Amino acid sequence: MEKLHAHIKRKAVAVTLWPVSRLGGIERYNIYLRDLLSSYGTQLNFYCLDSLKLNMAEKICARLIPGLKEFLFLSRAVEANASQYDFVITHNLAGGGLKTGRIPVYAVFHGLYASALASVDRDVQHRFGNVWKRQCLKHLEGMAVRRPKELICVSRDLNRQMRLLYDIPSSVVNNCIDISHFKKRPDRRTIRSKLGIAENDFVGIYAGRWDPIQKAVDILVDVVHSRNDVKWIVASDAADVPRGIENMVVLDRVGYEELPTVYSAADFALQLSRYEGFSYFALEACACSLPLISTPCGGVAMDLLKEAGMESLLLTRPRKTSQFVKFVNERIDRLKRDHTYRETAGNRLREITAKGYSMSVWKDEMVRKLSLDERYAPEPAHERSASECSS
């Protein structure tokens, strides 16, 4: 059998939608990958949509068939140069159509369109995309997961979705965060003062994309309006975040370095997503010792709350918005009146996050999954024969 280190090039490639400068969830993941491979003396190159050069026919096809650009045309761009690399890492549909021969492909899935569409469709007021777009994305996704490759899911919940929807085995390497960075800051009084929040206010936080479909921020606004006794922090980069709500502080484009400080101003976090493949927001909030109220389709949130013994903070999904808001408020009420319960939930969630979702845990798992120690192990020293030694 050919040794992994026999023809190493110390170069790998990640196929993704956007460059790492964009700093979304997948982009942060790629930065972690780049740093990990760099520690093995291996360069990680990126193929993204910005680097594609399509002819007129390809542009027309990409316009007509949603998802084709990342699934097929990005794949072709990588295939043309695949022999330069030791292995390829793809993300979701990006690179989903790859045919690289003997070069290993590791397909990382951060979410599933089929699962997201099913979750969103439970709320009849919010249908995701037109029928053609939906069918294209689901069909291409089905093709991507069935291509010969190693499938990696970023959460246990996503792994369950993969089995349920496609009956395909996959492994789990949980996403991670920097636990030393995301932790509760001690100077809450000063932090709140800078945000215009009183020391004794009871404060909830949501940080993430302002998306009324996937993130269900439409219901978040209803909750905010129903709770004048709660001060709300919304950290989002969207221009359409409602302004002028008296009990809500809106923070635009909060940087990575400032996020733990903002979390430290809150008493609890609220995630109402209709679908999540993972959710950095949930993990970051828990790492900062915040109790998390979340829907069960919140990616890692459900696993965190169950492991912490805090299933009481999980939300059910009724059809009526008014009933859903009532369920949210019941959980807020308990957190507000029971300081011990609130502290216990926050401490347990911090402990579980630090134990199972740290960068060191993720690195160890990815080293094994990508066979980095074997792939980049030094060549065994050549043992000279007696005749060689005497010559």
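Our subject is the structure that appears above.
How each quantity is defined
Throughout, a residue's number is its position along its own chain's written sequence, starting from 1. Local features are withheld for residues below a pLDDT of 70 in this predicted model, meaning they are given only at 70 or higher, and side-chain atom pairs are given and counted only at 80 or more; totals for whole chains, interfaces and linings count all residues. For the side-chain quantities, the full set of heavy atoms in the structure was used; hydrogens and water were omitted. Counting from the N terminus, the helices are DSSP H or I runs at least four residues long and the strands are E runs at least two residues long. Here the radius of gyration uses the C-alpha set of atoms, whereas the globule reference equals 2.2 Å times the residue count to the power 0.38. Burial here depends on accessible area, computed with a 1.4 Å probe over protein chains only, as a share of the maximum for the residue type. Under 20% is buried, over 50% is exposed, and the range in between is partly exposed. Residues count as neighbours in contact if any of their non-hydrogen atoms are within 4.5 Å of one another. The positive count covers Lys and Arg only, the negative count covers Asp and Glu only, and His and the chain ends enter neither. Note that the charge is assigned to NZ on lysines, CZ on arginines, CG on aspartates and CD on glutamates. Only strands that DSSP links by at least two bridges are regarded as paired with each other. Basic side-chain nitrogens of Lys or Arg form a salt bridge, by our definition, when they fall within 4 Å of a carboxyl oxygen of Asp or Glu. Throughout, an axis means a line fitted to C-alpha atoms (over the contacting stretch in the case of helices), and angles, computed between N-to-C directions, take values from 0 to 180 degrees. In this description, a disulfide is simply a cysteine sulfur pair whose atoms lie within 2.5 Å. Here, nonpolar core means buried Ala, Val, Leu, Ile, Met, Phe, Trp, Tyr and Cys residues that are tied together by side-chain atoms lying within 4.5 Å of each other. Here the expected span of a helix is defined as 1.5 Å times the quantity of residues minus one. By convention, a stacked pair of Phe, Tyr or Trp rings (six-membered ring in the case of Trp) has centres within 6.5 Å and planes under 30 degrees apart, an edge-to-face pair has planes over 60 apart, and any other such pair is tilted. Sitting over a ring, as applied to charges here, requires NZ of Lys or CZ of Arg to be within 6 Å of the ring centre and within 35 degrees of the ring normal. Note that the term roughly parallel is reserved for angles under 35 degrees, roughly antiparallel for angles over 145, roughly perpendicular for angles of 65 to 115, and oblique for everything else. Any residue that is not Ala, Val, Leu, Ile, Met, Phe, Trp, Tyr, Cys, Pro, Asp, Glu, Lys or Arg is counted as polar, Gly included; the first ten are nonpolar and the last four charged.

### What about the overall build of the protein chain?
No. 1: Looking only at helices and strands, the protein chain has 16 helices and eleven strands in total.
No. 2: In summary, the protein chain has a C-alpha radius of gyration of 23 Å against a globular reference of 21 Å for 391 residues, a match within 12%.
No. 3: Burial status across the protein chain gives 53% buried among its 391 residues.
No. 4: In the protein chain, once contacts between residues fewer than 6 apart in sequence are set aside, the share between residues at least 24 apart is 66%.
No. 5: Charged side chains of the protein chain number 57 positive and 46 negative; the gap between the two group centres comes to 3 Å.

### Quick look at the sheet that holds strand 6 (residues 171-172)
The strands making up a sheet associate through backbone hydrogen bonding, with each pair oriented either parallel or antiparallel.
No. 1: The strand order across the open sheet built from six strands is 2-1-3-4-5-6, with neighbouring strands paired in parallel fashion. Among the strands making up the open sheet, the edge pair consists of strand 2 (43-47) and strand 6.
No. 2: Bridge count for strand 1 (residues 11-15) against strand 3 (residues 87-91) is four bridges, and the pairing is parallel. Each residue of the ladder has a partner; that of Ala12, found in strand 3, is Phe87.

### What about the pattern of salt bridges?
No. 1: By the definition in use, this model includes 18 salt bridges.
No. 2: Its salt-bridge partner being Arg160, residue Asp157 comes within 3.5 Å of it at the nearest N-O pair. With a gap of three residues between them, Asp157 and Arg160 both fall in helix 6 (residues 156-166), about one helical turn apart.
No. 3: Here Asp252 and Arg243 are joined by a salt bridge, their closest N and O atoms 2.7 Å apart.

### A look at the sheet that holds strand 11 (residues 292-294)
No. 1: Spatially, the five strands line up as an open sheet ordered 9-8-7-10-11, and their pairing is parallel. The strands lining the two open edges of the sheet, one partner per strand, are strand 9 (248-252) and strand 11. Averaged over all neighbouring strand pairs, the angle between strand axes comes to 20°, with direction disregarded.
No. 2: Across five bridges, the pairing between strand 8 (residues 231-236) and strand 9 is parallel. What sits directly across from Val234, in strand 9, is Val250.

### Focus on the pairing of strand 4 (residues 105-109)
No. 1: Counting buried positions along strand 4 gives five out of five residues, so the element sits mostly inside the fold.
No. 2: Burial along strand 4 is two-sided: the residues Val105, Ala107 and Phe109 and Tyr106 and Val108 are all buried.
No. 3: The pairing of strand 3 with strand 4 spans four bridges and is parallel. The partner of His91 across the bridge, within strand 4, is Val108.
No. 4: Relative to strand 5 (residues 150-153), strand 4 is paired through four bridges, and the arrangement is parallel. Within the sheet, the bridge partner assigned to Phe109 lies in strand 5 and is Cys153.

### Considering the state of the cysteines
No. 1: Here the structure, examined in full by the defined rule, presents zero disulfides.
No. 2: Looking at the unpaired Cys61, the closest cysteine sulfur is the one in Cys136, lying at 12 Å.
No. 3: Sulfur of Cys176: no disulfide; nearest cysteine sulfur belongs to Cys288 and is 15 Å away.
No. 4: Judged by its relative accessible area of 1%, Cys176 falls in the buried class.

### Topic: the nonpolar core
No. 1: Grouped together as the largest cluster of nonpolar side chains are 111 residues, with contacts concentrated most on Tyr263 and Leu272.
No. 2: For this core, the leading source of residues is helix 10 (residues 280-287), giving seven residues.
No. 3: Counting residues in hydrophobic clusters, the runner-up holds 18 residues, among them Val15, Ala82, Tyr85 and Leu98.

### Side note on helix 5 (residues 131-146)
No. 1: Between its first and last C-alpha atoms helix 5 spans 23 Å; for 16 residues at 1.5 Å apiece the expected length is 22 Å, and the two agree.
No. 2: Of the residues making up helix 5, those classed as buried are Arg134, Cys136, Leu137, Leu140, Glu141, Gly142, Ala144 and Val145.
No. 3: In this structure, the buried residues of helix 5 make contact with helix 3 (68-79), strand 4, helix 4 (113-121), strand 5 and helix 6.

### As for the pairing of strand 3
No. 1: Most of strand 3 sits out of view: five of its five residues are buried.
No. 2: Side-chain alternation along strand 3 places Phe87, Ile89 and His91 on one buried face and Val88 and Thr90 on a second face that is also buried.

### Here's the deal with the packing of aromatic side chains
What characterises a pair of aromatic rings is the spacing of the ring centres plus the angle enclosed by the ring planes.
No. 1: Counted by the stated rule, this structure contains eleven aromatic pairs.
No. 2: Judged by centre distance (5.6 Å) and plane angle (80°), the rings of Tyr29 and Trp362 are edge-to-face. Linking Tyr29 in helix 1 (residues 25-38) with Trp362 in helix 14 (residues 359-369), this pair joins segments that are 333 residues apart in sequence. With respect to class, Tyr29 is no different from Trp362; both count as buried.
No. 3: Cation over ring: Arg28 sits above Tyr280, and NZ or CZ is 4.4 Å from the ring centre.
No. 4: It is Arg334 that lies over the ring of Tyr341; its NZ or CZ is 3.7 Å from the centre.

### Focus: the packing of helix 4 against helix 5
No. 1: At a closest axis distance of 9 Å, the pairing of helix 4 and helix 5 adopts a crossing angle of 140°. Of the possible angle classes, the one that applies to helix 4 and helix 5 is oblique. Together, Tyr113, Ala114, Leu117 and Asp121 of helix 4 and Arg134, Leu137, Lys138 and Glu141 of helix 5 make up the contact between the two elements.
No. 2: In terms of residue class, the contact of helix 4 with helix 5 is built from four nonpolar, no polar and four charged.

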